[in-house]
Number of protein chains: 2
Amino acid sequence: MTEFKIEINRTPEKKQKPAFDNLEFGKNFTDHMFEMDYTAGRGWHDPRIVPYQPLSLDPAAMIFHYGQSVFEGLKAYLTIDKEVLLFRPEKNMERLNKSNSRLCIPEIDEELALYALKELISLDRDWIPNVEGTSLYIRPFVISTEPYLGVAPSKRYKFIIILSPVGAYYKEGINPVKIAVQNEYVRAVKGGTGTAKTGGNYAASLKAQELASLTGYSQVLWLDGKENKYIEEVGSMNIFFKINGEVVTPELNGSILEGITRNSVLELLKYWDIPVAERRISIEEIYQAHADGQLEEAFGTGTAAVISPIGEFFWDNKKIEISGGITGELSKKIYDTLTGIQKGTAPDPFGWSVKVEKKEAAGIK
Amino acid sequence: MTEFKIEINRTPEKKQKPAFDNLEFGKNFTDHMFEMDYTAGRGWHDPRIVPYQPLSLDPAAMIFHYGQSVFEGLKAYLTIDKEVLLFRPEKNMERLNKSNSRLCIPEIDEELALYALKELISLDRDWIPNVEGTSLYIRPFVISTEPYLGVAPSKRYKFIIILSPVGAYYKEGINPVKIAVQNEYVRAVKGGTGTAKTGGNYAASLKAQELASLTGYSQVLWLDGKENKYIEEVGSMNIFFKINGEVVTPELNGSILEGITRNSVLELLKYWDIPVAERRISIEEIYQAHADGQLEEAFGTGTAAVISPIGEFFWDNKKIEISGGITGELSKKIYDTLTGIQKGTAPDPFGWSVKVEKKEAAGIK
Ligand SMILES: Cc1ncc(COP(=O)(O)O)c(C=O)c1O
Ligand SMILES: Cc1ncc(COP(=O)(O)O)c(C=O)c1O
């Protein structure tokens, strides 16, 4: 691995840690953060680890006005042997740059980003929770910082990584959720920013999510923006269906985010010789499959929940129940396998786990 | 007018002003800014004017991750009698709240916002440039500030107003621009956030703008996201065409921003008894009208340029020239009338101009 120079400025005072057995998602942050600046003409510069601290930005900084930003999300797990494992982190850095490209943000050296992430985790290692189901959520993100009100790509950026210890996604084990199909609001459309992890997509999703919650549904099923017919994603997850023995998921059509969990599930199914297809799937087809008694399972995939089984859909004034409202067999098997690989308790035939070596934190005394 | 209590904290040291005869757009900011906070359970609180200064935000503040934000843009003009005029500012505050609603941001008291804006302008009155064609650009905006990584509406916000003296949009008089029609990238789609002034729309537009610039075009003509056929907007402006004596503009279809200049142009045309229609317009129709010798003028409308005449379109490998590449008669007449009303040199039959009274800055000593 290439050697990178990252300056480290340790915090003079460590924070009090929250109780690891009762962590809320994304509310607690560790002692340090990684930061690197971009200046046009100079490129990315001054990679450094500093105490977790507020950002001071001009009120005209472009991030506050034109939303030019991207982010990633991945997790570090503590194994029973006290090793630290990352799950396919190079995929996140690759996607970060794909998002950057769509948003006109200058590319980041993926190896440097990965190295920085490992250094930061090493330094804040005692923040990785050790309770069953917990992990350290990692949030790399880029924001545009030039103080300028013209609509144009920013000439200055910050790349930052923050870390947050998070609790088990399912407090009482893996449980199916109820999903409302969204007909009015659209998450993304071909030619838009749906394939990138950028703030605007999530801002756009809040309204539909709010409406779904009001009617007792926990997530939104997004249909395509052109015909409002084809299934795209569920909440902030990709979606899979098991229909008559075959597993199907919407193909990457230019508006869906290419999830790393999605990719891993596809690999796993092929490895298991379970028939699987990426293709266009209409909501009508799903309702028809249910009517025909062929809709066996449905689940969302994403870093936060890994696998999120779906127990009910609501669309066009009709409710359908899936797998009798309980977690399907295949959903459970995928969940156990993936979380097993992530935590180092199951074999990893794909080489997906990446260890954070203590010695890699070379600059840290 | 209702009385509002706004605390004023004056800057101890006024900044050096830039030369008013050579101002760039959105690069210089005045001595003060308005700020107000929202906290769930408490509502909007602590409206105040403070010295222009950096914002200090937690790196987990939601604006950096999920783009929940809205903004507005309007201008103040100095008349030859040294009066300060705003152009239909209540419309901007109304639209701010429409944007807020789409983005799940709590509503702001429009009267308070307008009062705050006037107070701020009064205080920084000597920043309004007096050179021909210049003005004071006003940028109200709302950002989500809760430090939380869950995808949900923020529980904390800041509403801020900053001011920027800006130069004449056309340095050498009103001049037609060349426009590339965009087939691949989409600005917005029905069900998305196109009708709201939110950062994500502008982030999404950068890529196409970059491509247009590379081929020598100054702006992008956006087509609809569903069929890539119907004309929506041009750059960050609404668009009008004069075809065989009739003026047409795309109807408000759920993905177009409802521009205040657009609305004013429609009113003006009706007042002048010029036939005008809001309807669906395909790019094919425009090319056909050109082929038939009936496409007389085309222009964009927006706060920044007021009227931006279009001299050329490029689409499907075909260039067409409009009005012989020079500014059309009607475009020029609308431009002169609107800027005349804005600067107080022309009659204002609609009551669009709003004076900023010196005495309104009651709290200012
Ligand atoms: C919109 C969206 N779709 C899908 C996913 C799933 O991606 P991954 O499996 O990489 O976490 C995410 C986020 O994580 C997402 O934000
Ligand atoms: C996308 C977009 N369309 C149109 C307009 C024109 O609106 P207005 O005339 O209110 O300035 C603007 C901005 O000002 C805009 O950002």
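One structure accompanies this document, and this report is about it. (Residues numbered from 1 in each chain as written. Chains lettered and ligands numbered in written order. Predicted model: local features only at pLDDT ≥ 70, side-chain atom pairs only at ≥ 80, totals over all residues. Heavy atoms only, no water.)

Looking now at the site of ligand 2. Residues and elements named next belong to chain B. By nearness alone, 15 residues border ligand 2, and Tyr202, Glu233, Ile260, Thr261 and Thr303 come closest of all. One of the side-chain N or O atoms of Arg95 is found 2.8 Å from an oxygen atom in ligand 2. Lys197 has a polar side-chain atom sitting 3.0 Å from an oxygen atom of ligand 2. Here ligand 2 loses 95% of its free accessible area of 380 Å² to cover by the protein chains. Because more than half of its atoms lie within 2 Å of the grid, ligand 2 is assigned to the largest pocket. For the shell around ligand 2, the elements supplying multiple residues, two or more each, are α5 (260-271) and β16 (295-302). For the shell around ligand 2, the per-class residue count stands at four nonpolar, seven polar and four charged. (Near = heavy atom within 4 Å. Polar contact = N/O pair within 3.5 Å; in protein donor to acceptor, adjacent residues only side chain to side chain. Areas by Shrake-Rupley, 256 points an atom, 1.4 Å probe, with all protein chains shown as cover. 1 Å grid on protein atoms, 1.4 Å probe; cavity = no way out; pocket = protein on both sides within 12 Å on 5 of 7 lines; lining within 4 Å. Sits in = over half its atoms within 2 Å of the grid points. Helix = DSSP H or I, 4+ residues; strand = E, 2+ residues; numbered from the N terminus. Nonpolar A, V, L, I, M, F, W, Y, C, P; charged D, E, K, R; others polar.)

The next subject is helix α6 (residues 283-291) of chain A. Residue and element names in this part refer to chain A. Of all the positions in α6, only Ile283, Ile286, Tyr287 and Ala289 are classed as buried. The buried residues of α6 all sit within an arc of 160° when viewed along its axis, so they share a single face. Residues Glu284 and Ala291 are exposed on α6 and point more than 90 degrees away from its buried face. One or two residues past the end of α6 sits Gly293, with phi positive at roughly 75°. (Buried < 20%, exposed > 50% of the residue type's maximum accessible area, 1.4 Å probe, protein only. Arc of directions from axis to C-beta.)

Let's shift gears to the site of ligand 1. Residues and elements named next belong to chain A. The local shell around ligand 1 holds 15 residues, among which Tyr202, Glu233, Ile260, Thr261 and Thr303 are the closest. Here a nitrogen atom of ligand 1 and a side-chain polar atom of Glu233 are 2.4 Å apart. Between ligand 1 and the protein, one listed contact pairs an oxygen atom with a side-chain N or O atom of Thr261 at 2.6 Å. Relative to its unbound accessible surface of 380 Å², ligand 1 loses 95% to contact with the protein. Among the cavities detected, the one that contains ligand 1 is the second largest pocket. Broken down by secondary-structure element, the contributors of at least two residues to the shell around ligand 1 are α5 (260-271) and β16 (295-302). Tallied by class, residues from the shell around ligand 1 come to four nonpolar, seven polar and four charged.

Within the secondary structure, Thr301(A) sits in strand β16. Those residues in contact with Thr301(A), other than ones at most four positions away along the chain, are Met237(A), Asn238(A), Phe240(A), Thr261(A), Arg262(A), Val265(A), Val306(A) and Ile307(A). (Contact = heavy atoms within 4.5 Å.)

Moving on: the packing of aromatic side chains. Centre-to-centre distance and the angle between the planes together describe a pair of aromatic rings. Inspection of every chain in the model, using the stated rule, returns 37 aromatic pairs over all chains. Both rings, one in Phe71(A) and one in Tyr66(B), keep their centres 5.5 Å apart while their planes meet at 80°; by these two values the pair is edge-to-face. On the criterion of chain membership, the pair formed by Phe71(A) in strand β5 (residues 69-71) and Tyr66(B) in helix α1 (residues 63-66) is interchain, its members lying in two chains. For the pair formed by Phe71(A) and Tyr66(B), the shared burial category is buried. Considering the side-chain rings of Tyr287(A) and Trp315(A), the 5.1 Å spacing of their centres and the 70° angle between planes classify their relative orientation as edge-to-face. One end of the pair, Tyr287(A), is in helix α6; the other, Trp315(A), is in strand β17 (residues 306-315), and 28 residues separate them in sequence. Overall, Tyr287(A) belongs to the buried group, its relative accessible area being 9%. The structure contains a cluster of three or more aromatic residues connected by ring pairs, namely Phe34(A), Tyr38(A), Trp44(A), Tyr157(A) and Phe159(A). Lying across the ring of Tyr148(B), Lys27(A) places its NZ or CZ 4.8 Å from the centre. The ring of Trp272(A) carries the charged tip of Lys333(A) above its face, separated from the ring centre by 4.2 Å. (Phe/Tyr/Trp six-rings, centres within 6.5 Å; stacked < 30°, edge-to-face > 60°. Lys NZ or Arg CZ within 6 Å of the ring centre and 35° of its normal.)

Moving on, we get to the pattern of salt bridges. All names here are of chain A. Overall, the coordinates contain 36 salt bridges over all chains when judged by the stated rule. Glu312 is the salt-bridge partner of Lys178, the closest N and O atoms lying 3.8 Å from each other. Taken as a pair, Lys178 in strand β10 (residues 177-182) and Glu312 in strand β17 lie far apart in primary sequence, 134 residues in all. What makes Glu312 buried here is its relative accessible area of 11%. (Salt bridge = Lys/Arg side-chain N within 4 Å of Asp/Glu carboxyl O.)

All names here are of chain A. Structurally, Ile243 is set in strand β13 (residues 238-243). Owing to a relative accessible area of 12%, Ile243 belongs among the buried residues under this scheme. Along the sequence, Ile243 and Ile105 sit 138 residues apart, while their C-alpha atoms lie 41 Å from each other.

Attention now moves to the layout of surface pockets. Volume-wise, the largest pocket comes out at about 1,200 Å³. What lines the largest pocket is a set of 47 residues, and nearest its centre among them are Val151(A), Tyr169(B), Gln219(B), Ser236(B) and Ala304(B). At the level of secondary structure, the elements contributing two or more residues to the lining of the largest pocket comprise β8 (135-144), α4 (199-214), β11 (219-223), α5 and β16 of chain B. In terms of residue count, the dominant contributor to the lining of the largest pocket is α4(B) (five residues). Across the lining of the largest pocket, the residue classes break down as 21 nonpolar, 18 polar and eight charged. Empty space within the second largest pocket amounts to approximately 960 Å³. What lines the second largest pocket is a set of 43 residues, among which Phe25(A), Tyr169(A), Ser236(A), Ala304(A) and Val151(B) lie closest to the centre. (Points joined across faces, edges and corners; volume = space filled by probe spheres on them.)

Of the residues lining the interface, 60 residues belong to chain A; the matching set on chain B comes to 60 residues. Our count for the contact surface shared by chain A and chain B stands at 22 residue pairs in polar contact (both at pLDDT 80 or more). Put simply, the parts of the chain that give the side of chain A that touches chain B at least two residues each are β4 (55-57), α1 (63-66), β5, α2 (89-102), β8 (135-144) and α4 (199-214) of chain A. In terms of residue count, α4(A) provides more of the side of chain A that touches chain B than any other element does, nine residues in total. Class assignment for the residues of the side of chain A that touches chain B results in 32 nonpolar, 18 polar and 10 charged. Both β4(A) and strand β4 (residues 55-57) of chain B contribute to a ladder of three bridges, which runs antiparallel. In the sheet register, Leu55(A) faces β4(B), and the bridge partner there is Leu57(B). (Pairing = 2+ DSSP bridges.)

All chains considered together, the criterion is met by three cavities of 30 Å³ or more. By volume, the largest cavity amounts to about 270 Å³. Lining the largest cavity we find 25 residues, and of these Thr193(A), Asn201(A), Arg187(B), Thr193(B) and Asn201(B) sit closest to its centre. Of all the elements in the fold, those that place two or more residues in the lining of the largest cavity are α4 of chain A together with α4 of chain B. By residue class, the composition of the lining of the largest cavity is 11 nonpolar, 12 polar and two charged. As for the second largest cavity, its lining consists of Gly73(A), Leu74(A), Lys75(A), Tyr77(A), Phe87(A), Asn92(A), Ile260(A), Thr261(A), Gly302(A), Thr303(A), Val306(A) and Gln342(A). Secondary-structure elements contributing two or more residues to the lining of the second largest cavity are β6 (74-78) and α5 of chain A. Within the lining of the second largest cavity, the residues separate by chemical class into five nonpolar, six polar and one charged.

Keep in mind these numbers describe shape, not what the thing actually does.
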